[in-house]
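# Architecture at a glance
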Amino acid sequence: QVQVVESGGGLVQPGGSLRLSCAASGSLFRFYTMGWYRQAPGKQRELVAIIIGAGNTNYADSVKGRFTISRDNAKNTVYLQMNSLKPEDTAVYYCNAQLNSKTDYWGQGTQVTVSS
């Protein structure tokens, strides 16, 4: 009964900031990799950022220098700090928590809208 729950989405003006949170629970083992993906209307889901193991990170080119992924000491909560937001960042943002290469879980998604 693993649960993955996102929060922190909302409406923000271009150039503004938001911080998304994702809490994963219900696993006997730690989630080795956690990350954020997003899907805009009519588009395929794409990777935004992931954090692996002790803290290695990977980012999509479109968000490098603007977004930062991090996690707390318990390794069960991941954050996405989003700065200098653009209208093209508008999407539903989904959290993914991975136990291993064959087992992962998705949250319900949280809406981020960047508009004047």
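Described below are features of the structure shown in this document. All of these numbers come straight from a predicted model, not from anything done at the bench.

### Re the side chain of R71
On the secondary structure map, R71 appears in strand β7 (residues 67-71). Setting aside anything within four residues of it in sequence, one finds R71 in contact with F31, Y32, I51, I52, G53, A54, G55, T77, V78 and Y79.

### Section: unusual backbone geometry
Where the residue is not glycine, phi is negative for most of them; where a peptide bond is considered, it is trans in most cases. Of note, the phi angle at S84 is positive, near 50 degrees, even though the residue is not glycine. With respect to the helices and strands, the residue S84 is situated in the loop between β8 (77-82) and β9 (91-100).

### Brief notes about the state of the cysteines
Applying the stated rule across the entire model yields one disulfide. Here C22 connects covalently by a disulfide to C95, the sulfurs 2.0 Å from one another. Disulfide C22-C95: torsion about the S-S bond near -85 degrees, hence left-handed. Taken as a pair, C22 in strand β3 (residues 18-25) and C95 in strand β9 lie far apart in primary sequence, 73 residues in all. An identical accessibility class is assigned to C22 and C95; each is buried.

### Quick look at the nonpolar core
Of all hydrophobic cores here, the largest spans 26 residues; its most connected members are M34, W36, L80, M82 and Y93. Where this core is concerned, the elements lending two or more residues are β3, β4 (33-39), β5 (46-52), β7, β8, β9 and β11 (110-114).

### Topic: the sheet that holds strand β1 (residues 3-7)
Within the open sheet, the four strands sit side by side as β1-β3-β8-β7. Their pairing is antiparallel. Every other strand in the sheet has two partners, leaving β1 and β7 as the edge strands with one partner each. For this sheet the average axis-to-axis angle between neighbouring strands, irrespective of direction, equals 15 degrees.

Reading the values: the criteria
- Residues numbered from 1 in each chain as written.
- Predicted model: local features only at pLDDT ≥ 70, side-chain atom pairs only at ≥ 80, totals over all residues.
- Heavy atoms only, no water.
- Helix = DSSP H or I, 4+ residues; strand = E, 2+ residues; numbered from the N terminus.
- Contact = heavy atoms within 4.5 Å.
- Disulfide = S-S within 2.5 Å.
- Buried < 20%, exposed > 50% of the residue type's maximum accessible area, 1.4 Å probe, protein only.
- Core = buried A, V, L, I, M, F, W, Y, C linked by side-chain atoms within 4.5 Å.
- Pairing = 2+ DSSP bridges.
- Axes fitted to C-alpha atoms, helices over the stretch in contact; angles between N-to-C directions.

All quantities given are derived from atomic positions and should not be read as evidence of function.
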